[in-house]
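Structural overview
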Amino acid sequence: MSTEPLLELSSLTVDFATEDGGSRTLLAGLDLTLAPGEALGLVGESGSGKSMTVRAITRLLPPAATARGAIRFEGRDVASMDAAALRAYRDGGVGLIFQDPRAHINPTKRIGAFLTEALRHNRGLGRGEALARAEAVLAEVGIDDPARRLRQYPQEVSGGMLQRVMIASVLLAEPRLILADEPTTALDVTIQREVVAILDRLRRERGMGMVFITHDLDLALAVCGQVAVMYAGRIVELRSAESLHERAAHPYTRGLLGSRPAIDARAPRLTAIPGRPVSAFEAGPGCAFAPRCAFATRACESEPPQLVPFEGGLVRCARVEEIHAERTDKRTSKEATA
Amino acid sequence: MRTTLRKAARTLGRSGTASAVLLLVVVAAALAAPLLAPHDPNQGNLLDAYGGPSGAHLLGSDGIGRDILSRLVFGARTSLLGPALVVGISLLVGVPLALAASWYGGWVDAVVARVFDLVYALPGLLLAVLTVALFGPGLTPAVAALSVAYVPFLARIVRAAARQQRVSPYVDALAVQGFGMLRITGRHILRNIAPVVVGQAAIAFGYALLDLASLSYLGLAVQAPTPDWGVMVSDSDALLKGYWLPVAAPGVLIVLTVLALTVLGARISGDKPPGYLKRRRRSAAPPDRTAVGAAA
Amino acid sequence: MGRLLVRRLGGLATTLLLSSLVIFGSLYLAPGSPENVLFGNRMPTAAARAAARHRLHLDQPLPVRYWDWLTGVLHGDLGTSMVTGQPVADRIGAGLSTTVLLVAMTMVLVVVVGLAMGLAAALLPGRVDAAVSTLTSVSVTVPPFVASTLLISVFAVRMGWFPASGLGEGLGGRIDGLVLPACAMAVLSCGFLGRVTRNAVREQLEREHVQTALVRGLPRLVVLRTHVLRNALAPIVTAVGLLTAGTFASTLVVESAFAVPGIGQLTIQSVAQKDFPVVQAVALLLVGAFVVCNAASDLVQAVVDPRLRETGSTS
């Protein structure tokens, strides 16, 4: 018996209408599957289309953007939901943690009102009961004196605490899928780890699925079972978190791994990926990464590569076999000389 | 010449250009009134009283047979002169005060700002009515009172704009080069905020026109036989007898002129035309907002 | 919040005191002696003039007269009309209720129509927005006196639905007579409020926290009410305060146009008759109304937006 996937994206494409009547592709055919209770990391630089993915899943795309392809949540097509079904899906189906809690929480209302409004409007809970639940969840996300916090306004608490409030608000709705859109980017580095740890623990305890969006590959590896690396609106590599360190095959993934300072690595200096990241509409006809790739050939710039299975994952690189062979050659020759 | 005009038209947009043309026509009519007016504005033929539009009187005539079109054309003179004086005096007083306040900051700024706020709290119309109570009715006391009332309207905006300039690096750069306050504010700051000043002056011109016309309507500014748009609207005799043209024509002219002034003023000071919001959302919204934030 | 209230009330009292000084002082400086009003065209004897000056306390120094007047005002004694000999308080009392009723009717109209237009424009982008925006930009340039004449011409003279001047008997008659004056003042204000409302609601609609509310599955109407409109309230309240204050000033024009026996008409009449005690009192009253409206809107804003409350109490 195969369990139904929690979330399934097939050939998801997002186009943006421009002022002059043209359109720009931001997401070019995304295929993803997430099983219930699993966590998937979506990693990429700005413009890679990861946030558009989240917006498409929650049907929160800006008016100028249109999505094609299919998004299925527990087998149901999200695009064809009517208003009532969409509300039910957003209430308890998916929960979205935004990047900037300061902007995403209404500044004129108390934290208590923010936490309880969904419970009261959608679930018909009374004020007292809703507040009691909110208080309990605030304590769970590690907030001291939750009763007092409920009476405070957002501008009276720190950014880190506000992000915990945001996480608490999502947990309160008990969704089957959490979408976390760079939940810690706006926070101090020291607080980042703490917040991610809390999110990870509570998600596992409750058996919720999660799509974790970040530009920080390490963060994704720490909390996700699977990681999809995105570049210019496409997945360039998809594999399990534990195998990514060892077997990263795409030159871009390897670039990302090389450009971060690792304590255990003996590399004398960081290697940076030359050039700047591009969006899907800026890319040429071939591989979008080719202009920045050390291994690119003429053919790379004209032929679009396909996502192919490689060493237990999926890789979008035409030369992956050759590059890999080269690498194994080097390694074996090194071992031989040693 | 032609390209300059085309460029101006492009910056002002369609409604801005239409407003500019309308205002040019009104100003030209005021200047060339004796040449353009078909009749003497103050000489009436009682036989023509309340005559409808005809070949001789394009917009008809009023209760004592005076030609309405001629009165409108001559009326443009007093109707525009008053607000022009008000705005001119307010600018002369307000702009230096605002520039000085923004340059020196500290207590100078605090005092000037407080005085502006205080005057701003008084309605210009009330101030003008009080002044007329003191000095008797006439254009001069009305203009004097409104000039005072309009100083803060213009100066508050100039002060805010100049303060923004004051803290920008180029001002520090100039000061380091040894340029003085007069030269920097006069040559650089004032030039950079000129669009805001001119735009707000146009809008203030519109409001001053409304206020002065209201006062003339009440019989407190321009006095009755003189052709003036506000005075013409106060012709209650025509109104109650059911002749609407002698009253509606100057009324509509006032509204159109003020509308043109506000539209033009908004365009010059850089406000976006209505509908801009919608278009902006379509095009310039960053395609990936969170990712843009993450790039930092 | 309490401290903000005290601060605002203090500022209000200061402004009123200063303007009372300006009003009293400027009338003192007026060319021509006030007692001339009493004599009209007659040339009084020196003794008669001195007697009149004494009776009006004009023979005393300015600070003494100001102090007497001010303490009188605080005790409800506004002086005596130089034209009718009635106490000024009586003359004002008769018109005050009419003017307040007129302003109240105008503002009800402005709030209902202005909010409706602004909301329609903000929530229905495209053709409705374009139409309403055009309407509001025209209507903000229609001054009350032009609107008055147009309304009289159509609804009083042509249709005969409402009186062109004066008020009828009883509350019904008064309201009937005040409909057209209220409309005349509302035209400009409706346009203004409509514009402010549209921009405020538009701005809130684009805010991120509205997306949060939507993505939590809250019904659209709830999101609109509890987030968009709630947060757009602050600029709208400011505008209503400003417009109420401006409406008090507009009564000067409109009450004269419709011969409404209120404070505005009394002011214009007294100015024409040089009845200084009355002018002083009504001017102070109108300035007071103006300042109170502004202060009230500040306070309501602080209630509506907790962020303002914060800065208000700490600074």
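Numbering of residues starts from 1 in every chain and runs along the sequence as written. Chain labels run from A onward and ligand labels from 1 onward, assigned in the order the entries are written. The predicted origin of the model limits local features to residues at a pLDDT of at least 70 and limits the giving and counting of side-chain atom pairs to 80 or more, whereas totals for whole chains, interfaces and linings rest on all residues.

Things to note about the overall build of chain B
- In this text, helices come from DSSP runs of H or I with a minimum length of four residues, and strands from runs of E with a minimum of two, each type numbered from the N-terminal end. The helix and strand inventory of chain B stands at 13 helices and zero strands.
- Oriented by its inertia axes, the alpha-carbon framework of chain B measures out at about 80 × 50 × 35 Å.
- By residue count, 45% of the 296 residues in chain B fall in the buried class.
- Once C-beta atoms have been placed from the backbone, residue pairs whose C-beta atoms lie within 7 Å are recorded as contacts. Taking all contacts inside chain B whose residues are at least 6 apart in sequence as the whole, residues at least 24 apart take part in 69%. Using C-beta atoms placed from the backbone, we call a residue buried if 20 or more other C-beta atoms fall within 10 Å of its own, exposed if 12 or fewer do, and partly exposed for counts in between.

Here's the deal with the overall build of chain A
- The secondary structure content of chain A amounts to 13 helices and twelve strands.
- Two things to know: the radius of gyration comes from C-alpha atoms, and the globule rule equals 2.2 Å times the number of residues to the power 0.38. The C-alpha radius of gyration computed for chain A amounts to 22 Å, which stays within 12% of the reference 20 Å derived for 338 residues, consistent with globular compactness.
- Seen along its three principal axes, the alpha-carbon backbone of chain A occupies a region of about 70 × 50 × 50 Å.
- Per-residue burial over chain A gives 45% buried out of 338 residues.
- Within chain A, counting contacts between residues at least 6 apart in sequence, those at least 24 apart form 64% of the total.

What about the interface of chain C and chain B?
- Each partner contributes to the interface: chain C provides 40 residues, whereas chain B provides 35 residues.
- Among the elements of the structure, helix 1 (2-28), helix 6 (127-139), helix 7 (144-158), helix 10 (220-257), helix 11 (263-273) and helix 12 (276-304) of chain C are those that each provide at least two residues to the side of chain C that touches chain B.

Things to note about the interface of chain C and chain A
- Contacts between the two partners involve 19 residues from chain C and, on the opposite side, 22 residues from chain A.
- If you list the elements that add at least two residues to the side of chain C that touches chain A, you get helix 9 (208-215), helix 10 and helix 13 (306-314) of chain C.
- Tallying contributions element by element places helix 9 of chain C first for the side of chain C that touches chain A, with six residues.
- For the side of chain C that touches chain A, the residue count by class is six nonpolar, seven polar and six charged. Note that Gly is not counted as nonpolar here; it falls among the polar residues with everything else outside the nonpolar set of Ala, Val, Leu, Ile, Met, Phe, Trp, Tyr, Cys and Pro and the charged set of Asp, Glu, Lys and Arg.

Overview of the packing of helix 11 (residues 245-268) of chain B against helix 7 of chain C
- Note on geometry: axes are C-alpha line fits, over the in-contact stretch for helices, and angles between N-to-C directions span 0 to 180 degrees. The N-to-C vectors of helix 11 of chain B and helix 7 of chain C enclose an angle of 140 degrees; their axes lie 10 Å apart at closest approach. Seen along the crossing, helix 11 of chain B lies across helix 7 of chain C with a hand that is left-handed. Taking contact as the criterion, the partners of Val247, Ala248, Gly251, Ile254 and Val255 of chain B in helix 11 of chain B are, on helix 7 of chain C, Val146, Thr149, Leu150 and Ser153 of chain C. Crossing handedness is read from the near helix: turned anticlockwise from the far helix by less than a right angle, it gives a left-handed crossing, and turned clockwise, a right-handed one.

Looking at helix 6 (residues 139-166) of chain B
- To estimate the expected span of a helix, count its residues, drop one, and scale the result by 1.5 Å. Across its 28 residues, helix 6 of chain B extends 38 Å between first and last C-alpha, which sits within 8% of the 40 Å expected from 1.5 Å per residue.
- Of all 28 residues in helix 6 of chain B, 20 are buried, a share of seventy percent or more.

Here we look at the sheet that holds strand 2 (residues 23-34) of chain A
Residue and element names in this part refer to chain A.
- Taken together, four strands build an open sheet; the order of strands is 2-1-4-5 and the sheet is antiparallel. The open sheet terminates on both sides in strands that have one partner only, identified here as strand 2 and strand 5 (76-77).
- When DSSP locates at least two bridges between a pair of strands, those strands are taken to pair. The pairing of strand 1 (residues 7-17) with strand 4 (residues 65-73) spans eight bridges and is classified as antiparallel. When the sheet's bridge partners are listed, Glu8 is paired in strand 4 with Arg72.

Comments concerning unusual backbone geometry
- Not every positive phi belongs to a glycine, and Arg59 of chain A is a case in point at roughly 55 degrees.
- Here Arg59 of chain A shows up in the loop between helix 1 (50-57) and strand 4.
- Its identity is not glycine, yet Lys274 of chain C carries a phi of approximately 55 degrees, on the positive side.

Here's the deal with the nonpolar core
- Phe212 of chain A together with Ala142 of chain B are the most contacted members of the largest nonpolar core, which totals 259 residues.
- A per-element tally of this core places helix 10 of chain C first, with 18 residues.
- Not counting chain neighbours up to four residues away, the residues in contact with Ala142 of chain B comprise Ala128, Val132, Leu212, Leu215, Leu220 and Ala221 of chain B. When buried Ala, Val, Leu, Ile, Met, Phe, Trp, Tyr and Cys residues are joined through C-beta atoms within 7 Å, the set is termed a nonpolar core.

Thoughts on the sheet that holds strand 9 (residues 226-231) of chain A
Residue and element names in this part refer to chain A.
- Here eight strands make up an open sheet; going across it, the order is 6-7-8-3-9-10-12-11 and the pairing mixed. Each edge of the open sheet carries a strand with a single partner, namely strand 6 (94-97) and strand 11 (307-310). Averaged over neighbouring strand pairs, the angle between their axes works out to 20 degrees when direction is ignored.
- Pairing between strand 11 and strand 12 (residues 313-316): four bridges, direction antiparallel.

Let's talk about the environment of Leu214 of chain C
- Considering the arrangement of structural elements, one finds Leu214 of chain C in helix 9.
- Given 20 C-beta atoms within 10 Å, Leu214 of chain C falls into the buried group.
- In this structure, the C-alpha to C-alpha distance between Leu214 of chain C and Leu224 of chain C, residues ten residues apart in sequence, is 9.8 Å.
- Other than its neighbours up to four places away in sequence, Leu214 of chain C contacts Leu60 of chain A together with Val223 of chain C.

Details of the confidence of the model for chain B
Residues and elements named next belong to chain B.
- On a range of 0 to 100, pLDDT expresses the predictor's confidence in each residue. On average, chain B scores 79 in pLDDT, and the residues at 70 or more come to 90%.
- The weakest mean pLDDT in chain B belongs to helix 13 (residues 289-294) at 29; the strongest belongs to helix 3 (residues 68-104) at 89.
- Confidence drops under pLDDT 50 across residues 272-296; counting only partners more than four residues distant or on other chains, this segment forms 45 contacts.

Quick look at the pairing of strand 4 of chain A
All names here are of chain A.
- The pairing of strand 4 with strand 5 spans two bridges and is antiparallel. Opposite Phe73, over in strand 5, you have Arg76 as the bridge partner.
- Between strand 4 and the antiparallel strand that follows it, strand 5, lie two residues; Glu74 among them carries a positive phi value of about 50 degrees.

Thoughts on helix 5 (residues 127-140) of chain A
Residue and element names in this part refer to chain A.
- Between the first and last C-alpha of helix 5 there are 20 Å, a value that for 14 residues agrees with the 20 Å anticipated at 1.5 Å per step.
- Buried within helix 5 we find Ala130, Leu131, Ala134, Glu135, Val137 and Leu138.
- Note on helix 5: the residue one or two positions beyond its end, Gly142, has a positive phi of about 85 degrees.

Topic: the environment of Val43 of chain A
Residue and element names in this part refer to chain A.
- Note that Val43 resides in strand 3 (residues 39-43).
- Distance from Val43 to Asp218, taken between C-alpha atoms, is 9.7 Å for residues 175 residues apart in sequence.
- Excluding anything up to four places from it in sequence, Val43 contacts Thr214, His215, Leu217, Ala220, Val227, Val229 and Met230.

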